[in-house]
2 protein chains.
Amino acid sequence: MNVTHIEHIGIAVKDLNEAIRYYEKVFGFKCYSIEEVKEQKVRTAFFMVGQTKIELLESTDPEGPIGKFIEKKGEGIHHVAFAVKNIEGALHEAEGNGVELIDKAPHKGAEGLDIAFFHPKSTFGVLTEICEDKKY
Amino acid sequence: MNVTHIEHIGIAVKDLNEAIRYYEKVFGFKCYSIEEVKEQKVRTAFFMVGQTKIELLESTDPEGPIGKFIEKKGEGIHHVAFAVKNIEGALHEAEGNGVELIDKAPHKGAEGLDIAFFHPKSTFGVLTEICEDKKY
C-alpha cells in the first residue's frame, strides 16, 4: 500500500461551533471549510496543520455514527485517515492481509475524496480510513 | 501558539510486537525505533508517515497511564501531539486561554522531546500533547 501522509484526524465533538472556537483560539488554526455530509449524518469543520487536516465531526442525528460514538465513548478522537495512491488496490491488498473492511469499495466523503474504512476490530482498536484525492 | 505540524499520534496497544507487524505488513511502514519510557511506564514504537509519526504505546505496568486507558476504553488512539515553537510560552498562553494543564512545565518524553499534556476535560475530550524538539 502506498501511503503518502496522514490526510486527517477525525475528532467527534458535541458542538461544532464551540470546538472550532477552541482550536482557533488556543492553537491559532483557521477553519477553512464547514461542510455537511448527509450520508454520514455529520457536519464537519476543517483546519490545516502542516500536511494533515483536523476534521471536527458533529452529529446531525443521534442515530448516526458520530452520535452513537459520543454516546458510547464521549467526545474525542474518532478516526485516523491515511492518504493513499490507488485506493481500490489498497483495499484489495488490505483485505488480503486480513483487514476486515467496513467498505468493500470506496465512496465519496467530505471534500470530494474517495474514502473507505477498516473495521477497528482488525486494526488494534483504531477506526482507520484510507482516502484518495482523485483530482490529483 | 506557533504550531508547525502534527508531531505524532499516540496509539495504545496491548501487544507492541503484534501491532508493529500489523503496521508494517498492511501499510508498509517501517518501525525505526523502539524505546522504553520508564517515567510513563510504556514501551513505544515509532513509524514515520509523511511529516507525522505514529507512536505505538504498550504499557509496562497495569497501573500506568496506558494500562489504565486500555482497561477503561480498550485499545485505540490515545493522544495527538502538536509540534510547537517555544513550549514554555505555548503552555503559558494555553493556560491563559482556559486550558487545564496536566503538566505546568515541560518534561522529557520519548525521542528526547520536551513535552506537556493538556487535560482532555478542557479540550473536547482529546488528550492533547504539545512538544518541542530543542535540538533544532
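Each value, and the rule that gives it
Every chain begins its residue count from 1, and numbering advances along the sequence as written. Here chains are named by letter from A upward and ligands by number from 1 upward, in the order in which they appear as written. Local features in a predicted model are, by the rule used here, given only for residues with pLDDT of at least 70; side-chain atom pairs are given and counted only at 80 or more, and totals for whole chains, interfaces and linings are based on all residues. Where side-chain values are given, they derive from all heavy atoms of the structure, hydrogens and water being excluded. The helix count covers DSSP runs of H or I at least four residues long, the strand count covers runs of E at least two residues long, and both are numbered beginning at the N terminus. For the radius of gyration, the atom set is restricted to C-alpha positions; the globular benchmark scales as 2.2 Å times the number of residues to the power 0.38. Think of it in three bands: residues with accessible area under 20% of the maximum for their type are buried, residues over 50% are exposed, and the middle band is partly exposed, with areas taken using a 1.4 Å probe on protein chains only. Here a residue-residue contact requires only that any non-hydrogen atoms of the pair lie within 4.5 Å. Surface accessibility follows the Shrake-Rupley procedure with a 1.4 Å probe radius. Residue values consider only the protein chains on display as shielding. In this charge count, Lys and Arg are treated as positive and Asp and Glu as negative; neither His nor the chain ends contribute. To locate a charge, take atom NZ for lysine, CZ for arginine, CG for aspartate or CD for glutamate. In this description, strands pair whenever DSSP reports at least two bridges between them. Buried area: the sum, over both parts, of the accessible surface (1.4 Å probe) that disappears when the two are put together. Throughout this description, the term salt bridge denotes a Lys or Arg side-chain nitrogen within 4 Å of a carboxyl oxygen of Asp or Glu.

A. Up close: the overall build of chain A. Per the secondary structure count, chain A includes 3 helices and 8 strands. Along chain A, from the amino end to the carboxyl end, the secondary structure elements read β-α-β-β-β-α-β-α-β-β-β. Its C-alpha radius of gyration of 15 Å places chain A within 12% of the 14 Å reference for a compact globule of 136 residues. Taking the principal axes of its C-alpha atoms as reference, chain A extends roughly 45 × 35 × 25 Å. By residue count, 54% of the 136 residues in chain A fall in the buried class. Residue pairs at least 24 apart in sequence account for 53% of intrachain contacts in chain A once pairs closer than 6 positions are excluded. Counting every atom, chain A has about 6,100 Å² of accessible surface; 49% of that belongs to carbon and sulfur. Here chain A carries 17 positive and 23 negative side-chain charges, and the mean point of each set is 2 Å from the other.

B. Here's a closer look at the sheet that holds strand β1 (residues 3–13) of chain A. Residues and elements named next belong to chain A. The 8 strands are arranged β2-β3-β4-β1-β5-β8-β7-β6 in an open sheet whose pairing can be described as mixed. Looking at strand neighbours, the two that pair on one side only are β2 (31–37) and β6 (107–108), the edges of this open sheet. Pairing between β1 and strand β4 (residues 52–59): 6 bridges, direction parallel. Bridged to Ile11 within β4 is Leu56.

C. The arrangement of unusual backbone geometry in detail. Even without being glycine, Phe124 of chain A reaches a positive phi, approximately 55°. Locating Phe124 of chain A in the fold gives a position in the loop between β7 (114–118) and β8 (128–132). You can call Phe124 of chain A buried: its relative accessible area is 17%. The phi torsion at Lys41 of chain B lies on the positive side, around 55°, for a residue other than glycine. Mapped onto the fold, Lys41 of chain B is located in the loop between β2 (31–37) and β3 (42–49).

D. Expanded view of the interface of chain A and chain B. Counting residues at the interface gives 41 residues for chain A, matched by 41 residues for chain B. Taken over both partners, the interface formed by chain A and chain B buries close to 3,300 Å², and the fraction arising from carbon and sulfur atoms is 70%. By the criterion of area lost to chain B, the three top residues of chain A are Phe27, Ile77 and Phe124 of chain A, representing 22% of everything that side buries. Viewed at the interface, chain B and chain A are joined by 0 salt bridges. Of all the elements in the fold, those that place two or more residues in the side of chain A that touches chain B are β1, α1 (16–27), β4, β5 (76–84), α3 (87–96) and β8 of chain A.

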